[in-house]
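A look at the structure
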Amino acid sequence: MTSPANDHLNIDIALQRDQFRLQMKFTALAGSVIALFGPSGCGKTTTANLIAGLLKPDGGRMTIGDRVLFDSATRVNVPAEQRHIGYVFQDARLFPHMSVARNLNYGLQRTRNQPFVEMDFVIKLLDLSTLLQRYPKQLSGGEQQRVAIGRALLSQPSLLILDEPLSSLDMARRNEVLPYLERLRDSLKLTMLYVSHQFDEVLRLATQVVLMNGGQCIAHGNPGELSLQPALRTLLSEEAIGAVVESKVLAVDNESGLAQLAIGDGVISVDADTLKPDQQVRVQLLARDLVLSLDTPSRLSIRNKLAGKVVQLSEDNNNTVLAHVDVGNVIVMARITRSAAKELQLA
């Protein structure tokens, strides 16, 4: 297996539909998973369809590496079937009269790209070996989506678009498919565009995030950077606000069932679950769960303690503020009442 084309995705397009105007401009680094995140109706799927060639922009330019997909100035508009883009929809859209093996082979037969991913690799990556002779109606929703992902991969795309691929699944099936998407991200350096309005999915999968609202890109960056920005807080419930931190598993204690994670200059304990030593992990520390103390706390049931310095107090709502605390070149946020901030003389 070789690597896919190492191409950046560059988007600068506009579209007007009745009262809705889409104006999108962003760059996705080669091999990244860039998430389009925002509320329903903000233009995420429209943006994906424009990139795939299913819709035509009113103006602008789109490129993958040196290949121009669309350019209104030079009147270039490459047909969808010639863009070398794989697309996984909300519903799997498998051919019902074909077995899993034939659905997969369909993707392989229609490509003119230089192969970089082989059938055996896809079958192993997505655990499809026991499903090959079944038909779509014999599969669960999660299994159907795994087959749809495999078929899209076998078309040898230079870009893979996944448009809310888990939205039609219940929680159990979502949790079944998510690890496969993580394996896909880590195994292939393939640029992927992931559309979602579920922030937990974005946290697990994305390396870059485009925040969308009202047809516009309101912020763009990695999950850690965006987790601290007010732009993201306008799109999340209060309960979901918190700093996103890249960490490393220092050790796993099988007796206690806890793993030790490095957070800035400190260490916290979390449920070990499937974690392994030296594993890189992404952690969200919810602002609602953090408590501030001017003194080192003792004789508490709370086990995790991080020493830090308040670097910013930002607006939250009428009664609370968000305290940004540097715990060693890592910023975390705690939601506290305004009266507590005043009484503790935080600044």
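Residues numbered from 1 in each chain as written. Predicted model: local features only at pLDDT ≥ 70, side-chain atom pairs only at ≥ 80, totals over all residues. Heavy atoms only, no water.

Turning our attention to the confidence of the model for the chain. Per-chain confidence: the chain averages 92 in pLDDT, with 97% of residues scoring 70 or above. No element of the chain has a lower mean pLDDT than helix 8 (residues 230–233), at 89, and none a higher one than strand 6 (residues 76–77), at 97. (pLDDT = per-residue confidence, 0-100. Helix = DSSP H or I, 4+ residues; strand = E, 2+ residues; numbered from the N terminus.)

With that settled, the discussion passes to the packing of helix 4 (residues 141–154) against helix 5 (residues 171–187). Here helix 4 crosses helix 5 at 20°, and the two axes come no closer than 9 Å. Taken as axis vectors, helix 4 and helix 5 run roughly parallel relative to one another. Once helix 4 is placed against helix 5, the crossing between them reads as right-handed. Along the contact surface, helix 4 presents Gly142, Glu143, Arg146, Ile149 and Leu153, while helix 5 presents Arg173, Glu176, Val177, Tyr180, Leu181 and Leu184. A breakdown of the residues in the contact of helix 4 with helix 5 according to their chemical character gives six nonpolar, one polar and four charged. (Axes fitted to C-alpha atoms, helices over the stretch in contact; angles between N-to-C directions. Parallel < 35°, antiparallel > 145°, perpendicular 65-115°, else oblique. Left-handed = near helix turned anticlockwise from the far one by under 90°. Contact = heavy atoms within 4.5 Å. Nonpolar A, V, L, I, M, F, W, Y, C, P; charged D, E, K, R; others polar.)

A cluster of nonpolar side chains, contributed by Val291, Leu300 and Ile302, occupies part of the molecular surface with about 290 Å² of accessible area. Residue classification places isoleucine 302 among the partly exposed positions, given a relative accessible area of 45%. (Patch = residues over 30% accessible without salt bridge, like charges linked within 9 Å, V, L, I, M, F, W, Y side chains within 5 Å. Areas by Shrake-Rupley, 256 points an atom, 1.4 Å probe, with all protein chains shown as cover. Salt bridge = Lys/Arg side-chain N within 4 Å of Asp/Glu carboxyl O. Buried < 20%, exposed > 50% of the residue type's maximum accessible area, 1.4 Å probe, protein only.)

This part takes up helix 4. For helix 4, spanning 14 residues, the distance from its first C-alpha to its last is 20 Å, which sits close to the expected 20 Å at 1.5 Å a residue. Within helix 4, 12 of the 14 residues are buried, which leaves it mostly tucked inside the rest of the structure. When helix 4 is considered as a whole, its buried residues turn out to be Gly142, Glu143, Gln145, Arg146, Val147, Ala148, Ile149, Gly150, Arg151, Ala152, Leu153 and Leu154. The inward-facing, buried residues of helix 4 contact strand 7 (85–88), helix 2 (100–109), helix 3 (119–125), strand 8 (159–163) and helix 5. (Expected span 1.5 Å × (residues − 1).)

Right, let's get into empty space enclosed by the protein. Under the counting rule described, the total for this entry stands at two cavities of 30 Å³ or more. Of the voids in this model, the largest cavity is the one considered here, and its volume is about 60 Å³. In terms of lining residues, the largest cavity is bounded by Val33, Leu162, Leu181, Arg185, Met192, Tyr194 and Leu205. Looking at the lining of the largest cavity, the elements that each hand over two or more residues are helix 5 and strand 9 (192–196). Here the residues of the lining of the largest cavity sort into six nonpolar, no polar and one charged. By volume, the second largest cavity amounts to about 30 Å³. (1 Å grid on protein atoms, 1.4 Å probe; cavity = no way out; pocket = protein on both sides within 12 Å on 5 of 7 lines; lining within 4 Å. Points joined across faces, edges and corners; volume = space filled by probe spheres on them.)

Spatially, four strands are ordered 14-13-12-15 in an open sheet, and the strand pairing comes out antiparallel. Strands at the two margins of the open sheet, each flanked by one partner only, are strand 14 (266–271) and strand 15 (280–286). Pairwise comparison of adjacent strand axes, ignoring direction, gives a mean angle of 45° for this sheet. One ladder, built from four bridges, connects strand 12 (residues 242–253) with strand 13 (residues 258–263); its direction is antiparallel. (Pairing = 2+ DSSP bridges.)

All right, on to the environment of aspartate 265 then. Within the fold, aspartate 265 resides in the loop between strand 13 and strand 14. With 61 residues separating them in the primary sequence, aspartate 265 and aspartate 326 have C-alpha atoms 9.6 Å apart. Sequence-distant contacts of aspartate 265, defined by excluding residues within four places in its chain, comprise Val327 and Gly328.

Looking at where alanine 152 falls in the secondary structure, it is placed in helix 4. Overall, the relative accessible area of 7% leaves alanine 152 in the buried class.

Once that is clear, we can look at the nonpolar core. With 36 residues, the main nonpolar core has Leu153, Leu160 and Leu181 as its most contacted residues. Listing elements by their share of this core, those giving two or more residues are helix 2, helix 3, helix 4, strand 8, helix 5 and strand 9. No other element matches helix 4, which puts six residues into this core. Beyond its immediate chain neighbours, meaning those up to four positions away, leucine 181 contacts Ile149, Leu162, Leu166, Tyr194 and Leu205. (Core = buried A, V, L, I, M, F, W, Y, C linked by side-chain atoms within 4.5 Å.)

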